[in-house]
Amino acid sequence: MIGKGAEANIYLSGERVIKNRISKAYRVRELDEALRKTRTKREARLISLARRAGVATPFILDVNNPDTTVEMSFVEGLQIKKMLNKASKKDRLRICREIGRSTGRLHSNNIIHGDLTTSNTILAGDKIYFIDFGLGEVSEAVEDKGVDLLVFKKSLRSTHYKFEKECFKAFVEGYSREYKAYRDILERLRIIELRGRYFTERF
Amino acid sequence: MERNLICLGIEGTAEKLGAGIVSSSGKILANVVKYHSLVGGIHPREAAQHHAENMKATLEQALQNASIGLGDIDIVAFSQGPGLGPCLRVAAVSARTISLAKKIPIIGVNHCIAHIEIGRLLTKAKDPLTLYVSGGNTQVTAYTEGRYRVFGETLDIAIGNCIDQFAREMKLGSPGGAIVEKLARSGSYFELPYVVKGMDLSFSGLLTAAIEAAKKQKIEDVCYSLQETAFSMLVEVTERALAHAEKKEVMLAGGVAVNRRLQEMIALMAREHNAKFLVPPKNVLGDNGAMIAWLGILMYDSGVRHKIEDTMVKQRFRTDEVEVKWR
Ligand SMILES: Nc1ncnc2c1ncn2[C@@H]1O[C@H](COP(=O)(O)OP(=O)(O)O)[C@@H](O)[C@H]1O
Ligand SMILES: [Mg+2]
């Protein structure tokens, strides 16, 4: 086993990564099975779509074991989360710009990642690979794209707080270069953030 | 610590008014809570009116329970936010009045952090990942380098609000959360919208779908499915944050934390990750004054001093805004 994410066990067999979404004792069986199956299938489908859109991802080899296991190629590299705080400023901004570009490419193809964080991006050589599309979907909605950006911004805030501002700015630079409708999405992001913070609406 | 200081904490972020008295050794001397009964949702101005009318009696009751007089209070703390503007202002004005009249220091505290700190005091948790669930807030937080960072939170309504609104819509009576929990015990599962975005959640679609489903399904089944869906979402983001933040303890806080099913689910998840599960006693889970007083003491002892100008209420006071000097 090479990794234990929150929802899956990850094994390496030769050049293959086997990702098995494990059953959770805390949730009812029907819900548990439905989540594991839909996410596994979605992950395989979206990774393939993302690759076709020109975003670096592993390639999918197989989906099996009543649909809760996906096999893909191994990406030999370093999780962005593990290196971003230690990188030079120049590298840090370049990486964030690059993540922004790939996200722009996903969004211009109506692909929503769903869990866009520095844990789900891997630096290999000079490329950044996107993984873990299980929470993703295909959607044209401005709202869904806005939430994708919010999730990324928050992963910066919680894990790379010293660099949140500069990193997000670089991300937006890359994003706006790849995606024409970027203004609408950024405007929606602003509204979503305000919504979450507007306490009185929560009652 | 040279002297055992005594702090009065005034809580008034929403429909509850609380006055708590805590000493710097961590002893809770009094903790009085008064409710503004919710009829058809919370009205900020009416709740504020309730707080203003009951403030004197609540403070007097707290002093009486602690067997002390106002002159024995060394510090006055109040909930500065986040919360409903009119309610916050009543608590702030009362605290300022006491501070000026008695010439004692005033400390404005963050309500969400107060929930975490009273939990740490009473469960002896050292460095927990906290799932804070109430009528107004839903957050997953953990401490790293000087701040409580928010890993996940609701994108729209709070979980407590979701359950309460459902109960109100179904005319189940009050308190809604307890009634839904009881009905859920004899229900069975059907699918409802499950919405998790990264480590954030959304409950508004679930609420609408549950109300809609209740037209056809048995109420017990709707309550059960609503709880199972909402709580699974909460546990999932907590689990993801636990893996991310690499903590060894999981603590529940807030009014919804009294729910037995939620406690059971979090405990099961924590066990799978070899993390310790902690839940504070019931009387400090809901909004209360003791937690405000305790955080007031922690802040004062760590050197924080507020001038009257610093005590403006902050309706959108964020958890990660506060520099944590006491850890
Ligand atoms: N194709 C891959 N190549 C290399 N490493 C991978 C690959 N897939 C997953 N991993 C590693 O395993 C970890 C967890 O995988 P991920 O798909 O993100 O699962 P989870 O949903 O549990 O987060 C990743 O953060 C990464 O370090
Ligand atoms: Mg992952």
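Our structure's up above, just so we're on the same page.
What to know about the packing of helix α1 (residues 44–66) of chain B against helix α2 (residues 85–102) of chain B
All names here are of chain B. Axis separation between α1 and α2 bottoms out at 7 Å; the angle between their running directions is 30°. Here α2 runs roughly parallel to α1, going by the angle between their axes. Handedness of the crossing formed by α1 with α2: right-handed. Contacts between α1 and α2 involve P44, R45, A47, A48, H51, A52, M55 and L59 on the former and, on the latter, P86, C87, V90, A91, S94 and I98.

Some remarks on the pairing of strand β5 (residues 69–73) of chain A
All names here are of chain A. For β5, a buried count of five out of five residues is recorded, marking the element as mostly surrounded by other parts of the structure. Bridge analysis of strand β3 (residues 16–21) against β5 gives five bridges, and the strand direction is antiparallel. Counted as the bridge partner of K19 is V70 from β5. Strand direction decides the pairing type here: strand β4 (residues 60–64) and β5, joined by four bridges, are antiparallel. Counted as the bridge partner of N64 is T69 from β5.

What about the packing of helix α6 (residues 204–213) of chain B against helix α7 (residues 219–245) of chain B?
Residues and elements named next belong to chain B. Two elements in contact, α6 and α7, have axes separated by 10 Å at closest approach and are oriented at 165°. With respect to α7, the axis of α6 lies roughly antiparallel. Where α6 crosses over α7, the handedness of that crossing is right-handed. When α6 is examined against α7, the residues L206, A210 and A213 are found in contact with a partner set consisting of V222, L226, T229 and A230. By residue class, the composition of the contact of α6 with α7 is six nonpolar, one polar and no charged.

Overview of the coordination of the magnesium ion (ligand 2)
In an ideal tetrahedron of four donors about a metal, each angle is 109.5 degrees. In an ideal octahedron of six donors, the angles are 90 or 180 degrees. Within the protein, the atoms that donate to the magnesium ion (ligand 2) are N120 of chain A (OD1) and D132 of chain A (OD), at distances of 2.1 to 2.2 Å. Remark: D132 of chain A occurs in the loop between β9 (127–130) and β10 (137–138) and N120 of chain A occurs in the loop between β7 (111–112) and β8 (121–124); sequence separation between them is 12 residues.

Some remarks on the site of ligand 1
Residue and element names in this part refer to chain A. The full set close to ligand 1 counts 18 residues, and K19, S73, V75, Q79 and D132 are the nearest of them. A distance of 2.6 Å separates an oxygen atom of ligand 1 from a polar side-chain atom of K19. Separating a nitrogen atom of ligand 1 from a backbone N or O atom of S73 is a distance of 2.9 Å. Look at ligand 1: alone it shows 540 Å² of surface, and the protein chains cover 86% of it. Among the elements of the structure, β2 (8–13), β3 and β5 are those that each provide at least two residues to the shell around ligand 1. Here the shell around ligand 1 is built from residues that sort into 10 nonpolar, five polar and three charged. Both domain 1 (3–73) and domain 2 (78–202) contribute no fewer than three residues apiece to the shell around ligand 1.

Cut-offs applied
Residues numbered from 1 in each chain as written. Chains lettered and ligands numbered in written order. Predicted model: local features only at pLDDT ≥ 70, side-chain atom pairs only at ≥ 80, totals over all residues. Heavy atoms only, no water. Axes fitted to C-alpha atoms, helices over the stretch in contact; angles between N-to-C directions. Helix = DSSP H or I, 4+ residues; strand = E, 2+ residues; numbered from the N terminus. Parallel < 35°, antiparallel > 145°, perpendicular 65-115°, else oblique. Left-handed = near helix turned anticlockwise from the far one by under 90°. Contact = heavy atoms within 4.5 Å. Buried < 20%, exposed > 50% of the residue type's maximum accessible area, 1.4 Å probe, protein only. Pairing = 2+ DSSP bridges. Nonpolar A, V, L, I, M, F, W, Y, C, P; charged D, E, K, R; others polar. Donors = N, O, S within 2.8 Å, 3.2 Å for Na, K, Ca; no water. Near = heavy atom within 4 Å. Polar contact = N/O pair within 3.5 Å; in protein donor to acceptor, adjacent residues only side chain to side chain. Areas by Shrake-Rupley, 256 points an atom, 1.4 Å probe, with all protein chains shown as cover. Domains from an automatic or database assignment.

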